Amino acid sequence: MDTGTHIAMGIALGGIATIDPAVQQDPLLFQAVMVGTIIGSHAPDFDTVLKLRNNAVYIRHHRGVTHSIPSVLILGLVISGIIHLFVPSVSFFHLWLWTFLAVALHVFVDVFNAYGTQAYRPFTHRWVAYGFINTFDPFIFTMHVIGIIIWALGASPITTWLIIYSILIVYYIKRYLYKKALTKKITQYYGKVEGIATSPTIRQNIWRLAIITEDSFYVARAVDGNIQIVDRFHRIPLPNNKLIATAKQDKNIAAFLSFSPVYRWEINIYDDFKEVRFIDLRYRSKGHYPFVAVAKIDDHLNIISSYTGWIFSEEKLQDKLFTTDDSNSS
């Protein structure tokens, strides 16, 4: 989810914490818990600082280890421990419990969007992305804002948030059933489907779809339940040669391949170098596929430059590659 929604969830959990008699009876503990739930609700996304290094590190690790089971346990302890240093008189157990729940809630809700997380680490490093809630869902965010306003006006936080979250649980079930109906329709039409990546958009009735069959990739949109194919690509196996092996060793290409489940590839040959390009098919926007990884490799199999990330024009992509090239040669 987006930062705003995570923080709103932290405020909501702070309100729900008043169901705990210890929190309800101790104003200082309530304040400490509220700080803990707000910070804890955002803490797993602290790895956003990795973007300061480069896109490859960010893509490979964002929502990775910080969203793992050990990290949830550690972050809950660290955040509540630091807060407890400032208010040593409050119950550490109750402070830790609600802070831990805030961190866990963050990771839990993130598995439902298309980006996903590595929430099951250390048992598996696979990305968990159920793909039926948008990263920013207006309905979820609005319900939290309504809850905060009602609470601020004097309503019982327990009653307010139990009602709000009961509505949201029904909403999640509805979105899951909608995705299930879409996947069933696709399977009935194409028969042997090897994979379907679903990406709900910010609009409730529009979804992006990437479909993998035995011989093709299909890029589609679902509008009001009607599936429209917008692109089709023949599914060509990735060559097993030295050029591709070299590209796979590049940090940007490796980061892309570790993250993207549905992509096509291209090899473009120029006078002085070859270009290997991977294109994620999940994120089509205005006829363009903006999430890519590209490596320029010379005739001696040396990587000249590479890039991975979101690019919305070929000109900007080449600028990125040119900049990388300059930095490699300096």
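In the block above lies the structure referred to throughout.
What comes next is a walk through the structure. Just so we're clear, the structure is a prediction, and the values are computed from it rather than from any experiment.

The number of helices and strands found in the protein chain is 11 helices and 8 strands. Look at the contacts in the protein chain between residues 6 or more apart in sequence, and 52% of them connect residues 24 or more apart. On the protein chain, roughly 16,500 Å² of surface is accessible, and the fraction owed to carbon and sulfur atoms is 63%. Separation of charge centres in the protein chain, based on 30 positive and 25 negative side chains, amounts to 7 Å.

By the bridge criterion, 7 bridges tie strand 7 (residues 291–298) to strand 8 (residues 303–310) in an arrangement that is antiparallel. Paired with F291 across the bridge in strand 8 is W310. Hairpin connection between strand 7 and strand 8: a loop of 4 residues separates the two successive antiparallel strands, and L301 in this loop has a positive phi of roughly 65 degrees.

Inspection of the entire model under this criterion finds 24 aromatic pairs. Ring plane angle 15 degrees and centroid distance 5.4 Å describe the contact between W96 and F100, whose orientation is recorded as stacked. Taken together, the positions of W96 and F100, both in helix 6 (residues 92–110) and 4 residues apart, correspond to about one turn of that helix. Given a relative accessible area of 21%, W96 falls into the partly exposed group. A network of ring pairs unites the aromatic residues F108, F112, Y130, F132, F139, Y171, Y172 and Y176 as a single cluster. When the ring centre of F259 is taken as reference, the NZ or CZ atom of R282 above it lies at 4.9 Å. K296 extends its terminal NZ or CZ atom over the ring of F273, reaching a point 4.9 Å from the ring centre.

The sheet built from 4 strands is open, its strands ordered 1-2-3-4 with antiparallel pairing. Each of the sheet's edge strands pairs with one partner strand only, and the pair in question is strand 1 (193–200) and strand 4 (226–234). On average, adjacent strands in this sheet sit at an angle of 20 degrees to one another, irrespective of strand direction. Relative to strand 3 (residues 216–223), strand 2 (residues 206–213) is paired through 7 bridges, and the arrangement is antiparallel. Paired with W207 across the bridge in strand 3 is A222.

On to the side chain of H144. Mapped onto the secondary structure, H144 falls in helix 7 (residues 138–152). Engagement of the side chain of H144 in a polar contact is seen with the backbone oxygen of I140, the distance being 2.8 Å. Not counting residues up to four positions away in its chain, the partners in contact with H144 are A8, M9, A12, W161, Y165 and L168.

Once that is clear, we can look at the environment of K192. With respect to the helices and strands, K192 occurs in the loop between helix 8 (157–190) and strand 1. Judged by its relative accessible area of 55%, K192 falls in the exposed class. Placed 21 residues apart in sequence, K192 and T213 show a C-alpha to C-alpha distance of 6.4 Å. Beyond its immediate stretch of four places on either side in the chain, K192 contacts T213 and E214.

With 18 residues, helix 5 (residues 69–86) extends 27 Å between its outermost C-alpha atoms, agreeing within 8% with the 26 Å of an ideal straight helix rising 1.5 Å per residue. For helix 5, the complete set of buried residues consists of S71, V72, L75, G76, I79, S80, I83 and H84. Taken together, the buried residues of helix 5 touch helix 3 (27–42) and helix 6.

We now examine the sheet that holds strand 6 (residues 273–280). Within the open sheet, the 4 strands sit side by side as 5-6-7-8. Their pairing is antiparallel. Both edges of this open sheet fall to strand 5 (263–269) and strand 8, since each of them pairs with a single strand only. Direction aside, neighbouring strands of the sheet carry axes that sit 10 degrees apart on average. Contacts from helix 9 (residues 242–249) reach strand 5, strand 6, strand 7 and strand 8 within the one sheet, and its direction differs from that of strand 6 by about 60 degrees. Running over the sheet, helix 10 (residues 251–259) touches strand 5, strand 6, strand 7 and strand 8 and is turned about 145 degrees from strand 7.

Cut-offs used in this document
- Residues numbered from 1 in each chain as written.
- Predicted model: local features only at pLDDT ≥ 70, side-chain atom pairs only at ≥ 80, totals over all residues.
- Heavy atoms only, no water.
- Helix = DSSP H or I, 4+ residues; strand = E, 2+ residues; numbered from the N terminus.
- Contact = heavy atoms within 4.5 Å.
- Areas by Shrake-Rupley, 256 points an atom, 1.4 Å probe, with all protein chains shown as cover.
- Lys, Arg positive; Asp, Glu negative; His and termini not counted.
- Charge placed at Lys NZ, Arg CZ, Asp CG, Glu CD.
- Pairing = 2+ DSSP bridges.
- Phe/Tyr/Trp six-rings, centres within 6.5 Å; stacked < 30°, edge-to-face > 60°.
- Buried < 20%, exposed > 50% of the residue type's maximum accessible area, 1.4 Å probe, protein only.
- Lys NZ or Arg CZ within 6 Å of the ring centre and 35° of its normal.
- Axes fitted to C-alpha atoms, helices over the stretch in contact; angles between N-to-C directions.
- Polar contact = N/O pair within 3.5 Å; in protein donor to acceptor, adjacent residues only side chain to side chain.
- Expected span 1.5 Å × (residues − 1).

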